[in-house]
Amino acid sequence: MYTEYTEMNEAFGISQSDKRPMYLQIMEQIKQRIVVGDWTAGQTIPSIRQLAVDLQVSVITVKRAYLELEREGVIVTQHGRGSHVAQDQRLGTQLREQELQQHLEQATRIAALLGIRPKELAGRLREASDRVTEAEKESI
């Protein structure tokens, strides 16, 4: 699965066909909003109860997502004041780095299943990078 970062002005969406637990889907969408800049450092995010109502999921599901995001340092919750995006200005970059690492690990696992050696995988990555760079030059 690849994440496409686009402007996220629409509401959150939970996919019943996604095999991942709902709380992970919620976490991913919150992180995406931070990465694309829809939610900035210190900004208040929806309350657990409000997001649960909006998504039509259990409060416990949203609470678990928020607790995990707090543990990761993505959000901060203050009793009586709600939850906010963490003040760390590097948060968006850190989240993108984490996602890149996950994609690289997934590519490595797929390559191993296909019998592709690390050296060949590195070559294919360079080729893909060259294609992307060339396509970006052509679009300018």
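Just so it is clear, the model here is predicted, and its values are computed rather than measured. (Residues numbered from 1 in each chain as written. Predicted model: local features only at pLDDT ≥ 70, side-chain atom pairs only at ≥ 80, totals over all residues. Heavy atoms only, no water.)

Focus on helix α2 (residues 48-55)
Now for step 1: Among all positions of α2, only L51, A52 and L55 are buried. When α2 is viewed along its axis, its buried side chains cluster within an angular range of 100° and face the same direction. For α2, exposure combined with an orientation more than 90 degrees from the buried face picks out R49 and V53.
Now for step 2: Where α2 is buried, its residues touch α1 (22-35) and α3 (59-71).
Now for step 3: Just downstream of α2 lies Q56, where phi reads positive at about 60°. (Buried < 20%, exposed > 50% of the residue type's maximum accessible area, 1.4 Å probe, protein only. Helix = DSSP H or I, 4+ residues; strand = E, 2+ residues; numbered from the N terminus. Arc of directions from axis to C-beta. Contact = heavy atoms within 4.5 Å.)

Notes on the packing of aromatic side chains
Note on aromatic pairs: each is described by the distance of the centres and the angle between the planes.
Now for step 1: A full pass over the atoms with the stated rule returns zero aromatic pairs.
Now for step 2: The ring of Y23 is capped by R64, whose NZ or CZ atom sits 3.9 Å from the centre of that ring. (Phe/Tyr/Trp six-rings, centres within 6.5 Å; stacked < 30°, edge-to-face > 60°. Lys NZ or Arg CZ within 6 Å of the ring centre and 35° of its normal.)

Observations regarding the environment of R71
Now for step 1: If you trace the backbone, R71 turns up in helix α3.
Now for step 2: Counting along the chain gives 56 residues from R71 to S15, while the straight-line C-alpha distance between them is 24 Å.
Now for step 3: One polar contact links R71 to E68, side chain to side chain, over a distance of 2.7 Å. (Polar contact = N/O pair within 3.5 Å; in protein donor to acceptor, adjacent residues only side chain to side chain.)

Side note on the pairing of strand β2 (residues 82-85)
Now for step 1: Looking at chain direction, strand β1 (residues 75-78) and β2 are connected through four bridges and run antiparallel. When the bridges of β2 are listed, T77 appears paired with S83.
Now for step 2: Linking β1 to β2, which pair antiparallel, is a turn of three residues; within it G80 sits at a positive phi near 85°. (Pairing = 2+ DSSP bridges.)

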